[in-house]
Amino acid sequence: MPQQDQIDKIEQYHSGNMSPEETALFEKELASDPALKAESDFQSEIINGIKEYRKSQLKTRLDAIDVSPGWIEFAQQSSLVKSFGGIAVATAIGSGVYFFADSKKEIPQREIANVESISDMTVPVYEEVTFEWAIKELKPVAINKTEKIREVEIASTQEIKEEPVATSESKNTVLEVNKQEESFTPDFSAPDAGDVSDNSEMSSTVLDEVPEVAGTDNELDPIEVETKNSKSSKIKYKYYDGKLFLNGNFSKEPYEILEINSASGRRIYLLHLNKYYEVKINDRLSELPEVTDIKLIQELRLIKANK
Amino acid sequence: MKDSEILERISRGDEKILDHLYKKYYRMMTKVVLSNSGTEEEAKDVYQEALLAFWQKASSGKLVLTSKISTYLYSICLNQWRKELDRKSRLSSEEVDGEETQGHDAEERLRIVKECIEELGDVCKGVLTYYYFDGLGMQDIAEKMNFANTDTAKTKKYKCKKKLDSLIKSKYTAEDFF
């Protein structure tokens, strides 16, 4: 039987735990001692046997482990899944690009939507601006039209009566209106026709509906004159409800009536035999008063001359 | 799990980490063989041999790892499969009767050794396999086998080895190997 220390030495040799010098020395002993060589071979077979046994033991353990691929590994290895995965990825990328591009297209729409909403919100501001413009335009236009109407009516009245009636006040008014028209002409033509037509406040009907001075309707009506000749040198009259009754000696010399319309009302004067008379409202037949104010007489003469 | 932690657990003989590694790298390592005209069974054998070689070196503390574990395992699998392909090519072109006879005797003696180990109790099996294959020290063996101390482990190892030697020698004598 080999000694235990000899067996330990053989184990160290086969386990590779000897130094090169120890290994060389031991191999010399092996070569010179057949019994030691036989024991070394025997121990080598036992150690290898133990190692193989352990390997078999561990391999049996490993064989019991389930190494079938999970769904992730299956997905990674399956060509079919890879193909579907590729399609899915391509679809996802395509969809992403589509929606990204689509979202870019939507940007202007959103801007438009925002603009619309902003415009809705700013409508009062827009109206306010328009209103300011309208105020500037309406005032002179209204006055202008009213004055023009009055002027036309004065002309028509004068035409009817064939008696030129004009005062410096009415003239001044007309001249002032003309000046205003000239000064506002550029602003008036600033907006286009569409904008004006769209704005109900700017419609011509509104302009036409501008209220006139109260009490002018009756005054603007043509005066009805009824005349009775008499032999008396005095002129008597009645004047109410737009009707003027005259009683005098008009057979030799006709009379003229001067009608002056202004904001303060209507004034009527009568010219006969180079004398001016003032016609006032009077429902009782009375003598027509003669104008004695020299300044007024001069004005009346001037109006008559410029008729 | 980091490679350093894996190596530390292997050095303590934690066999659960072996299971983890085996499953983790199975497809990657067997692909080496499968993509080089190997079968699934051959691929599994090569991978198991490579993993156990890694385990043996790592558990005995003889491994100085300079790369990732997966890279190390891959290189072992590749070399193992090249050796197997060389062996196959040599077997197909050479016929050596003498080697076949010697191989048969070696296989027979190996079978006898394994039978004798199998006859040992679980404690002796554990102590001997942990010491000779895993290369564990007496401290680790004592911990794994729940021994009182390292001296108990040493005594167990000595007695178990002596018993195995006796069993094998008796078998060899009966089979006329001596």
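Summary of the structure given here. (Residues numbered from 1 in each chain as written. Chains lettered and ligands numbered in written order. Predicted model: local features only at pLDDT ≥ 70, side-chain atom pairs only at ≥ 80, totals over all residues. Heavy atoms only, no water.)

Residue and element names in this part refer to chain A. With respect to topology, three strands assemble into an open sheet ordered β4-β5-β6, the strand pairing being antiparallel. Only two strands of the sheet have a single neighbouring strand rather than two, namely β4 (256-262) and β6 (275-279). On average, each strand axis in the sheet is tilted by 25 degrees relative to the strand beside it, whichever way the strands run. Pairing geometry for strand β5 (residues 265-272) and β6, over five bridges, is antiparallel. Note on β6: the bridge partner recorded for Ile268 is Val279. (Pairing = 2+ DSSP bridges. Helix = DSSP H or I, 4+ residues; strand = E, 2+ residues; numbered from the N terminus. Axes fitted to C-alpha atoms, helices over the stretch in contact; angles between N-to-C directions.)

The next thing to look at is the packing of helix α2 (residues 15-34) of chain B against helix α3 (residues 40-60) of chain B. Residue and element names in this part refer to chain B. Taken N-terminus to C-terminus, the directions of α2 and α3 make an angle of 135 degrees; their axes are 9 Å apart at the nearest point. Classed by the angle they form, the pair α2 and α3 counts as oblique. At the point where α2 passes α3, the crossing takes the right-handed sense. Where α2 abuts α3, its residues Glu15, Ile17, Leu18, Leu21, Tyr22, Tyr25, Tyr26, Arg27, Met29, Thr30, Val33 and Leu34 lie against Glu40, Glu42, Ala43, Lys44, Val46, Tyr47, Gln48, Leu51, Leu52, Phe54 and Trp55. For the contact of α2 with α3, the residue count by class is 16 nonpolar, two polar and five charged. (Parallel < 35°, antiparallel > 145°, perpendicular 65-115°, else oblique. Left-handed = near helix turned anticlockwise from the far one by under 90°. Contact = heavy atoms within 4.5 Å. Nonpolar A, V, L, I, M, F, W, Y, C, P; charged D, E, K, R; others polar.)

The next thing to look at is the pattern of salt bridges. Within the structure shown, the criterion is met by 23 salt bridges over all chains. A salt bridge links Arg54 of chain A to Glu15 of chain B; its shortest N-O distance comes to 2.9 Å. On the criterion of chain membership, the pair formed by Arg54 of chain A in helix α3 (residues 34-63) and Glu15 of chain B in helix α2 is interchain, its members lying in two chains. In this structure, the salt-bridge partner of Asp19 of chain B is Arg61 of chain A, at a minimum N-O distance of 2.9 Å. Pair noted here: Asp19 of chain B is in helix α2 and Arg61 of chain A is in helix α3, and the two residues belong to different chains. Overlapping salt bridges, with partners in common, bring together Arg54 and Arg61 of chain A together with Glu15, Asp19 and Asp134 of chain B in one network. (Salt bridge = Lys/Arg side-chain N within 4 Å of Asp/Glu carboxyl O.)

Glancing now at the nonpolar core. Residues Ile10, Leu21, Tyr22, Tyr47, Leu51 and Phe54 of chain B are the most contacted members of the largest nonpolar core, which totals 31 residues. If you list the elements that add at least two residues to this core, you get α3 of chain A together with α1 (3-11), α2, α3 and α4 (69-93) of chain B. Per-element accounting of this core gives the leading share, nine residues, to α3 of chain B. With residues near it in sequence (within four places) discarded, Tyr47 of chain B still touches Leu21, Tyr22, Tyr25, Tyr26, Met29, Thr30 and Cys77 of chain B. Core analysis: the next-biggest nonpolar cluster, separate from the first, contains 17 residues, Ile50 of chain A together with Ile112, Cys116 and Ile117 of chain B among them. (Core = buried A, V, L, I, M, F, W, Y, C linked by side-chain atoms within 4.5 Å. Buried < 20%, exposed > 50% of the residue type's maximum accessible area, 1.4 Å probe, protein only.)

It is worth spelling out the layout of surface pockets at this point. To find leftover empty space, one rolls a probe the size of a water molecule over the atoms. Estimates place the volume of the largest pocket at around 560 Å³. Ser15 and Asn17 of chain A together with Lys62, Tyr132 and Gly135 of chain B are, among the 20 residues lining the largest pocket, the residues nearest its centre. Broken down by element, the lining of the largest pocket gets its largest block of residues, five residues, from helix α1 (residues 4-15) of chain A. For the lining of the largest pocket, a count of residues per class yields six nonpolar, eight polar and six charged. (1 Å grid on protein atoms, 1.4 Å probe; cavity = no way out; pocket = protein on both sides within 12 Å on 5 of 7 lines; lining within 4 Å. Points joined across faces, edges and corners; volume = space filled by probe spheres on them.)

Using the criterion set out here, one finds nine aromatic pairs over all chains in the structure. Here the aromatic rings of Tyr22 of chain B and Tyr47 of chain B are separated by 5.2 Å at their centres, their planes lie at 15 degrees, and the arrangement is stacked. Of this pair, Tyr22 of chain B sits in helix α2 while Tyr47 of chain B sits in helix α3, placing them 25 residues apart in sequence. Like Tyr22 of chain B, the residue Tyr47 of chain B is buried in the burial classification. Measuring from ring centre to ring centre gives 5.7 Å for Phe54 of chain B and Tyr72 of chain B, while their planes differ by 55 degrees; the resulting arrangement is tilted. Taken together, the residues span a long stretch of sequence, with Phe54 of chain B in helix α3 and Tyr72 of chain B in helix α4 at a distance of 18 residues. In this structure, Phe54 of chain B and Tyr72 of chain B share a single accessibility class: buried. Members of the aromatic cluster, each reached through a chain of ring pairs, are Tyr22, Tyr26 and Tyr47 of chain B. The cationic tip of Lys238 of chain A hangs over the ring face of Phe245 of chain A; the distance from NZ or CZ to the ring centre is 5.6 Å. The residue whose ring lies beneath Lys144 of chain B is Tyr130 of chain B, and the NZ or CZ to ring-centre distance is 4.9 Å. (Phe/Tyr/Trp six-rings, centres within 6.5 Å; stacked < 30°, edge-to-face > 60°. Lys NZ or Arg CZ within 6 Å of the ring centre and 35° of its normal.)

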